[in-house]
Amino acid sequence: MIYQIITDRFYDGDKSNNVPSGFDRSLYDGTGQKYRLYQGGDWQGIIDKIPYLRDMGITAVWISAPYENRDTEIDDYQADGTVDKWTSYHGYHVRNYFATNKHFGTLKQFQSLRDALHANGIKLIIDFVTNHTSRSHNPTKNFSNEDGKLYEPDKKPDGSYALDNNGEPYDYNQDGKTENLLADPNNDVNGWFHQFGDRGNDNSVWGYRNKDLGSLADFSHENPNVVKYLESAVKFWNAQNINGLRYDATLHENPAFVKGLTDAVNYQSPVTQFGEFFIGRPSDKYSEYCSFPTRTGVNNLDFEYYRANSTCFGDFSTTMDDFSNMMLYTQHDYQYPNQAVTFIDNQDVPRFGYQQQNHKIVDDSLAVLLTSRGIPNIYYGTEQYVNPNTADNSIGRIFMEKQSVFNENTSAYKLIKRLSDLRKNNDAIAYGQTSILYSDDNVMIYQRKFFDDTVVVAVNRQPDKTYTLSNISTNLPDGNYSDYLNSMLQGSDTTVLNGKIGSLTLSGGETDVWTYQPSTTSVPHIGDIMSTQGRKGTKVYISGNNFETSSVVKFGKSQAQVISQSSNQIEAIVPQSAEAGYNDVTVVNDEKTSNTIKYNVLSGDQNQVIFHVSASTSYGEKLYVVGNIPELGMWNSSQSTEAMLCPGYPEWYLPVSVPADKEIQFKFIKKDGNGKVVWESSANRVIKSASDSTGVVDTPIYKWNEN
């Protein structure tokens, strides 16, 4: 269970870093009233509030990007002649990946935060921006040059950065500076940025991946120097013994780059990795969104869940039937639905407490979030029913110390704690399949089931109406069941007879949770695997139950080395003898074999080949690449790459993640909307990928060979 904190907006534990050396004091507020300015929250403040987080049942904290951000004034010029003054308090305007944000603390203080969280059983997730630097041009001033510069510390002769014993950059070359300009989008001599201008209303896939998001200088992820640098930056922070990375903003990134980055992180030390693939419903990018985790290994913030919650429990513009439908189709459409990070609000959308001001319904929404598939993310202050009285998400980024309280007696706070305990104790929540037992306009009853572990949840979203139902079929064994929430949300006990709940009355805003766990068996059950793809030699974590100290792990027919194991988690290494491609992973205890879970064994250290072809097409046709490696579908047209991009017809191109230093055979194919496939008529084309792990090879512009 994740708790998301905007570090500057949580709690000020160290007054000494509110105005770091060289910082313009006018850009610091500290009252919570000037929401565009720094407020003073820091890592020490999070440490001070660990008891509050721990006692709420939080098991992971997601903080703002820890590295140095642009620290100068950002001016937005308004039509009436006024100027809005902003700062980069949020952490999304990187300036130096290898120095800490001094408003938050030093590297030593970051490590103290990590250690304090770990000592309390809480994991640490950091925000990480791999898409852009800061704003390079000012869209409110005729796109005049602004910033976007990227810096790095001095380097030693061995290529390492000059960092002192506290992890802070120092002046190694004695030139009076502790940093050096690495890249400037307004003098981009080495091609670090795409330079295609602001995306504006360009909704094409190419536009999203290559143009600037809000005038933020967009990295060229096809430049091998950029790839190498970003991989080194992410690995620097991953080496700090963190537990997760949330990437901003994956919708706008080249998936081939993301896959290679994910692989590099996993090979170093696997952590949970998810990203912001921000779609609105309905969206023409839904299929791309669903397939992104499969293609890259980075799961999604679950915007589909967010939209359904917003319309069902927020403004009531959709029904509980609609919400139930979302639960079912996403379970089908997501390859790893239990790894999607679900949420009801966050820093980029309106506060749910503003959209829905009835606390009964907020509690119902939280109860559903915390018992649904996926990893729930609680936005800081939701447990205090924060309402900024506006839908403006920026104003919703309140300074909690000044604008809210840390009350441990709210219904939401206690509900989160209670359901956190259930998530730990009943595997149906973490790993189970979802089935809808009943739904209509206002009532939903759903079941989570993992083998015999079962949880049934009944919700009435109408705060002042009562509904009576009968004969609800369930997989709960016959017997009497008490409400796990102890009537916290007006719930009551129920009886199951002949596989049915005979009669059920739900009062206004009522939520019931009924649970069942059988006696432990000796058969191992796999619930999840982390990560979901990697090359041979990569460490993986297999979660589930009924594992034994002598468990055997297999990838297909290949036995893996087991590093450690407990009753509910095994740490193993992807075997060298595993076949590249999707493997069925199993756990065997005393000849009792578990269920399977899929793991994609990559065919090597991943880098990029950018394929180019000139080809004419009929309406509805698109170009794809197939070839003789798993990453190109092993000549199976249904397993080809995604559609190639075509910003300048008739030339098509696509960056593809492939194994390094590999001779690859490939062809181009055409597919239309009806699934018709046309192969080019030629001998197999051949290209060799770069030998460097972050290398990029650009093919010539091939000409399509007609039959």
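Owing to the predicted nature of the structure, the values given are computational and were not obtained by experimental measurement. (Residues numbered from 1 in each chain as written. Predicted model: local features only at pLDDT ≥ 70, side-chain atom pairs only at ≥ 80, totals over all residues. Heavy atoms only, no water.)

Colleague: An account of the overall build of the chain is needed here, citing residue identities and associated values.
Modeller: Along its length, the chain carries 14 helices and 44 strands. On C-alpha atoms alone, the chain measures out to a radius of gyration of 26 Å, which is about the 27 Å that the 2.2 N^0.38 rule sets for 707 residues. If one aligns the C-alpha atoms of the chain with their principal axes, the spans along those axes are about 70 × 65 × 55 Å. Buried positions account for 59% of the 707 residues belonging to the chain. (Helix = DSSP H or I, 4+ residues; strand = E, 2+ residues; numbered from the N terminus. Rg over C-alpha atoms; globule rule 2.2 N^0.38 Å. Buried < 20%, exposed > 50% of the residue type's maximum accessible area, 1.4 Å probe, protein only.)

Colleague: Let's hear about the packing of helix H11 (residues 359–371) against helix H13 (residues 411–425): which residues, and what values?
Modeller: Contact geometry of H11 with H13 gives a least axis separation of 10 Å together with a crossing angle of 20 degrees. The pairing of H11 with H13 is recorded here as roughly parallel in orientation. Here H11 runs over H13; the crossing is right-handed. Contacts from Asp363, Leu366, Ala367, Leu370 and Thr371 of H11 reach H13 at Ser411, Ala412, Leu415, Ile416, Leu419 and Arg423. Looking at the contact of H11 with H13 residue by residue, the class counts come to seven nonpolar, two polar and two charged. (Axes fitted to C-alpha atoms, helices over the stretch in contact; angles between N-to-C directions. Parallel < 35°, antiparallel > 145°, perpendicular 65-115°, else oblique. Left-handed = near helix turned anticlockwise from the far one by under 90°. Contact = heavy atoms within 4.5 Å. Nonpolar A, V, L, I, M, F, W, Y, C, P; charged D, E, K, R; others polar.)

Colleague: If you had to explain the nonpolar core to someone new, which residues and values would you point to?
Modeller: With 124 residues, the main nonpolar core has Tyr3, Leu53, Tyr97, Phe128 and Phe323 as its most contacted residues. Element by element, the count of residues in this core is highest for helix H5 (residues 224–238), at eight residues. Those residues in contact with Leu53 that lie beyond four places of it in its chain are Tyr3, Ile5, Phe10, Ile46, Ile58, Val61 and Ile122. Within the second largest apolar cluster, 26 residues are counted, among which are Val625, Trp652, Phe666 and Val696. (Core = buried A, V, L, I, M, F, W, Y, C linked by side-chain atoms within 4.5 Å.)

Colleague: Tell me about the sheet that holds strand S20 (residues 443–450), residues and numbers included.
Modeller: Read across the open sheet, the four strands follow the order S19-S20-S21-S26; overall the sheet is antiparallel. If you trace the sheet from one side to the other, it starts and ends with strand S19 (433–439) and strand S26 (511–516), each paired once. Going across the sheet, the axis of each strand differs from the next one's by a mean of 15 degrees, ignoring polarity. Summarising the sheet, S20 and strand S21 (residues 453–460) pair through eight bridges and their orientation is antiparallel. From the neighbouring strand, Met444 faces S21, where its bridge partner is Val459. Docked against the sheet, helix H9 (residues 320–333) engages S19, S20 and S21, running at close to 160 degrees with respect to S19. (Pairing = 2+ DSSP bridges.)

Colleague: Explain the pattern of salt bridges to me, using residue names and the numbers behind them.
Modeller: Counted by the stated rule, this structure contains 30 salt bridges. Linking Asp8 and Arg9 is a salt bridge whose minimum nitrogen-to-oxygen distance equals 2.8 Å. According to the relative accessible area criterion, Arg9 is buried, its value standing at 1%. For Arg36, the salt bridge is made with Asp84, and the minimal N-O distance between the two is 3.3 Å. Here Arg36, found in the loop between strand S1 (2–4) and helix H1 (43–48), pairs with Asp84, found in strand S5 (residues 83–86); they are 48 residues apart in sequence, far enough to count as distant. The partly exposed category is assigned to Arg36, whose relative accessible area is 21%. (Salt bridge = Lys/Arg side-chain N within 4 Å of Asp/Glu carboxyl O.)

Colleague: Quick rundown of the sheet that holds strand S27 (residues 525–530)? Include the residues and the values.
Modeller: Reading across the sheet, the four strands line up as S27-S29-S33-S32 and stay open at both edges, with antiparallel pairing between neighbours. Taken across any chain shown, the strands that pair with only one partner, and hence form the sheet edges, are S27 and strand S32 (561–565). Direction aside, neighbouring strands of the sheet carry axes that sit 30 degrees apart on average.

Colleague: Give a description of the state of the cysteines that names residues and reports values.
Modeller: For the structure on display, the rule yields zero disulfides. Lacking any disulfide linkage, Cys290 is separated from the closest cysteine sulfur, that of Cys312, by 20 Å. The buried category is assigned to Cys290, whose relative accessible area is 9%. In this structure Cys312 comes out as buried when scored by relative accessible area, which is 0%. (Disulfide = S-S within 2.5 Å.)

Colleague: So what about H9? Which residues, and what values?
Modeller: The first and last C-alpha atoms of H9 sit 20 Å apart over 14 residues, in line with the 20 Å expected at 1.5 Å per residue. Along H9, the residues classified as buried are Met320, Phe323, Ser324, Met326, Met327, Thr330 and Gln331. One side of H9 carries all its buried residues, which in axial view fall inside an arc of 150 degrees. Tucked into the core, H9 has its buried residues touching helix H7 (286–296), helix H8 (303–314), H11, S19, S20 and S21. Regarding H9, its N-cap is Thr319, as a side-chain oxygen of that residue lies 3.2 Å from the backbone nitrogen of Asp321 further along. (Expected span 1.5 Å × (residues − 1). Arc of directions from axis to C-beta. Polar contact = N/O pair within 3.5 Å; in protein donor to acceptor, adjacent residues only side chain to side chain.)

Colleague: Before we move on, can you summarise unusual backbone geometry with the specific residues and values?
Modeller: For the bond running from Asp248 to Ala249, omega is -5 degrees, close enough to zero to count as cis. Relative to the helices and strands, Ala249 resides in the loop between strand S14 (244–248) and helix H6 (255–268). Geometrically, the link from Met530 to Ser531 is a cis peptide bond, its omega value of 5 degrees lying close to zero. Along the polypeptide, Ser531 turns up in the loop between S27 and strand S28 (533–534). With a phi close to 65 degrees, Ser215 is a non-glycine residue in the positive phi region. Within the fold, Ser215 resides in the loop between helix H4 (205–210) and strand S13 (216–218). With a phi close to 65 degrees, Asn546 is a non-glycine residue in the positive phi region. When you line up the elements, Asn546 lands in the loop between strand S29 (539–545) and strand S30 (552–555).

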